[in-house]
Amino acid sequence: MLETKKIESHLNPAGSFDLADHPVPTGREEIWRFTPLKRLRGLHAEAEFGAPTSTTDWNTPSGVRVEVVEGDEARALRGVSGLVPNTRFAARVLAEVPSTLLVDVPAEAEVAEPIHVTVQGQDAGAAEAAHVVLRFGAHSRAVVVLDHTGHASLAQVVEVVVGDGSQVSVVSLQDWSDDAVHLTHHEASVGRDATYKHVGISFGGDVVRMDSNVHYAGPGGSAELLGLYFADEGQHIEHRLFADHNEPRTKSNVVYKGALQGQGAHTVWVGNVLIRQVAEGIETYEENRNLVLTDGCQADSVPNLEIETGEIEGAGHASATGRFDDEQLFYLRARGIAEAEARRLVVHGFFNDLIRKIGVPSLEEKLMATVEDELSKNVLKDVTEVGA
Amino acid sequence: MSTLQITDLHVSVDTEDGPKQILKGVTLTIDDGETHAIMGPNGSGKSTLAYSIAGHPKYTVTGGSVTLDGEDVLAMSVDERARAGLFLAMQYPVEVPGVSVSNFLRTAKTAIDGEAPKLRHWVKDVNKALQDLNLDPSFGTRSVNEGFSGGEKKRHEIAQLELLDPKVAILDETDSGLDIDALKVVSAGVNRFRAKEGKGVLLITHYTRILRYITPDRVHVFVDGKIADQGGPELADALEAEGYDKYLTKV
Ligand SMILES: Nc1ncnc2c1ncn2[C@@H]1O[C@H](COP(=O)(O)OP(=O)(O)OP(=O)(O)O)[C@@H](O)[C@H]1O
Ligand SMILES: [Mg+2]
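Residues numbered from 1 in each chain as written. Chains lettered and ligands numbered in written order. Predicted model: local features only at pLDDT ≥ 70, side-chain atom pairs only at ≥ 80, totals over all residues. Heavy atoms only, no water.

K.L.:
A description of the site of ligand 1 should follow, citing residues and the corresponding values.
P.N.:
Residues and elements named next belong to chain B. Lining the immediate surroundings of ligand 1 are 17 residues, of which Ile 22, Gly 43, Lys 46, Ser 47 and Thr 48 lie closest. In this structure, Gly 45 approaches ligand 1 through a main-chain N or O atom, which is 3.0 Å from an oxygen atom. Contact between ligand 1 and Thr 48: an oxygen atom at 2.5 Å from a side-chain N or O atom of the residue. Relative to its free-state accessible area of 650 Å², ligand 1 is covered by the protein chains to the extent of 69%. Elements with a minimum of two residues in the shell around ligand 1: β1 (4–15), β2 (18–30) and α1 (46–54). Class assignment of the residues belonging to the shell around ligand 1 gives a composition of 3 nonpolar, 9 polar and 5 charged. (Near = heavy atom within 4 Å. Polar contact = N/O pair within 3.5 Å; in protein donor to acceptor, adjacent residues only side chain to side chain. Areas by Shrake-Rupley, 256 points an atom, 1.4 Å probe, with all protein chains shown as cover. Helix = DSSP H or I, 4+ residues; strand = E, 2+ residues; numbered from the N terminus. Nonpolar A, V, L, I, M, F, W, Y, C, P; charged D, E, K, R; others polar.)

K.L.:
Now, about the nonpolar core: what can you tell me, with residues and values included?
P.N.:
Formed by 113 residues in total, the largest nonpolar core has its most connected members in Ile 201 and Phe 351 of chain A together with Leu 4, Ile 6, Leu 49, Ile 53 and Leu 171 of chain B. Per-element tally for this core: the top contributor is helix α5 (residues 339–358) of chain A, with 9 residues. No fewer than three residues from each of domain 1 (19–323) and domain 2 (325–388) of chain A sit in this core. Excluding anything up to four places from it in sequence, Phe 351 of chain A contacts Leu 228, Tyr 229, Phe 230, Lys 257, Gly 258, Ala 259 and Val 371 of chain A. Formed by 40 residues, the second largest nonpolar core is a distinct cluster that contains Val 111, Val 132, Leu 134 and Val 168 of chain A. (Core = buried A, V, L, I, M, F, W, Y, C linked by side-chain atoms within 4.5 Å. Buried < 20%, exposed > 50% of the residue type's maximum accessible area, 1.4 Å probe, protein only. Domains from an automatic or database assignment. Contact = heavy atoms within 4.5 Å.)

K.L.:
With reference to specific residues and values, describe empty space enclosed by the protein.
P.N.:
All told, the structure shown has 3 cavities of 30 Å³ or more when counted by the stated rule. By volume, the second largest cavity is sized at about 70 Å³. Around the second largest cavity sit Ala 334 and Arg 335 of chain A together with Ala 54, Val 78, Arg 81, Ala 82, Leu 86, Phe 87, Leu 88 and Ile 170 of chain B, which together line it. Elements that contribute at least two residues to the lining of the second largest cavity include exactly α2 (78–84) and β6 (86–89) of chain B. Of the residues belonging to the lining of the second largest cavity, the class tally is 8 nonpolar, no polar and 2 charged. (1 Å grid on protein atoms, 1.4 Å probe; cavity = no way out; pocket = protein on both sides within 12 Å on 5 of 7 lines; lining within 4 Å. Points joined across faces, edges and corners; volume = space filled by probe spheres on them.)

K.L.:
Please set out the packing of α5 of chain A against helix α6 (residues 361–377) of chain A residue by residue, giving values where relevant.
P.N.:
Residue and element names in this part refer to chain A. One can describe the packing of α5 onto α6 by two numbers: an axis separation of 10 Å at closest approach and a directional angle of 155°. The orientation of α5 relative to α6 falls into the category roughly antiparallel. When you trace α5 past α6, the crossing you get is right-handed. Side by side, α5 and α6 meet where Arg 344, Val 347, His 348, Phe 351, Asn 352, Ile 355, Arg 356 and Ile 358 of the first sit next to Glu 364, Leu 367, Met 368, Val 371, Glu 372 and Leu 375 of the second. For the contact of α5 with α6, a count of residues per class yields 8 nonpolar, 2 polar and 4 charged. (Axes fitted to C-alpha atoms, helices over the stretch in contact; angles between N-to-C directions. Parallel < 35°, antiparallel > 145°, perpendicular 65-115°, else oblique. Left-handed = near helix turned anticlockwise from the far one by under 90°.)

K.L.:
Go over unusual backbone geometry with me, naming the residues and quoting the values.
P.N.:
Residues other than glycine seldom take positive phi values, yet Arg 41 of chain A does so here, at roughly 55°. Residue placement: Arg 41 of chain A occurs in the loop between α1 (2–11) and β1 (55–58).

Shown next, in the form of structure tokens:
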């Protein structure tokens, strides 16, 4: 029992709203050991959060409330997902933000059109904190896209309340400029028999770290945590997932795929799954695949599965990091396809299945185009150099 | 016109204990319109010959030459060889996840012809090629070879042969793992290809079974990286009756 508790805290350090319980991380902590703290502009420590300089816009499909709320209403929303901060930056965000962007989807609403929130950063020199709450009523259906671009130093907490029986997708796109730093904690509470899909997509930014956590507010909930990232020269992109199976018959399915290119490109994927004693009959699977496109990149991939009960339906994980598959390239080239084109096909193929799983058609084309842009930076350039 | 000329070909692979010689001087010419069968026991180097001609990076040519209509094949990159008119139907076709068969076929056809095929004809051609090989049109939307059965992979290779229409096709054990119906379908595809003007075929096989449907002009017996014997179609019958033993004991 003692040992179990220790491991539990290793996966998910005990939370607290009290800032005094969160010393400034040194980098030796398990949850910070991969993150380049020096490049965070103090977001993890004491950076002063100024008035927001980024601009936030959204559409408001009928029946949905999207609004910046303040005062008592905002205060009541802090921790609404059941989040008790386990990092200093999350605790600071909840303690300090004066307002909250609230997306409120009423019970039984079926929102056909995605609710698209764009955050356009204006100034990477100004540290900023943001709290976002996405609340989906029982049996509702909706898709929310959070789209981050521009220049920013942003500490952010996104809380998601997935009502009983609802079907919800949340996509968070980090397509920042090269100078952006973004620390974000997404916490979802998945209701009884609800279906939650969370997609983390990171392309741009100097440092992007997303913690995407899920716990369950009742039995029978299902969470699919998908992700796609592409790190270029010098970029640090870190995705941490935590599926806390605290209710019986819950499901989690994690699939993250990443590609790396250029000197110093660094990606981190940490997939934590905790199956608590009460969580009988659960199913969990997690997978991370990385495609290393050039020399000088590093992909860290760490699956952690902690099991406190024997009554599991299924639990598994897979992690693989590799270069281009020579056999795939040979097969395509043996059909006359030139090397650059063959590489393009393989990378597209690598991401294709995942992009299709996102299930937001308006995003798919954009993502394929972004992958294409990323490829033209390096993979194709490299090939022409070799060919010349 | 298409002539594939292999002269004194020596090939090695890198192993943990240094390079290992696998082909030890192979000489073979496939003249315009000819079909040659290569038969030989497991591990004799048949796939090595096929892959070396196609330019697989695993194999190092240490001597000899390969020319297609006088052009130096060994100086070409893998994709240049394909565009020059060589086609290799692989013993173990490779899965390419996330790349659809139709996208793959269109990209290959465009590369080989140097221009995109006319869309209307192309869709028809692809559907016909798949149907001729007893593959449902729905294969077009599936990832290349992913989740295909062994037989489906082989039939997909021959569908590609017909669509890409090379000068010379090398078929590496395309018959293995096929039931009798699939064998007939695959043989019919190869025979349609052979019926066209000047097409060369190098048919690598373990068994004489496929030679009942595809009659070769020449048969070569391959043992320990070399051609140990050659003759007409009757040599295949002798091999069927006697096996490779008499060649193996000689080694
Ligand atoms: N990387 C390697 N290291 C050591 N030996 C190798 C390596 N690759 C191939 N070989 C050897 O080369 C020889 C020829 O292999 P090849 O695949 O060409 O035979 P094959 O005639 O096609 O056999 P099969 O009928 O089984 O298809 C075999 O003995 C094989 O073990
Ligand atoms: Mg072989």
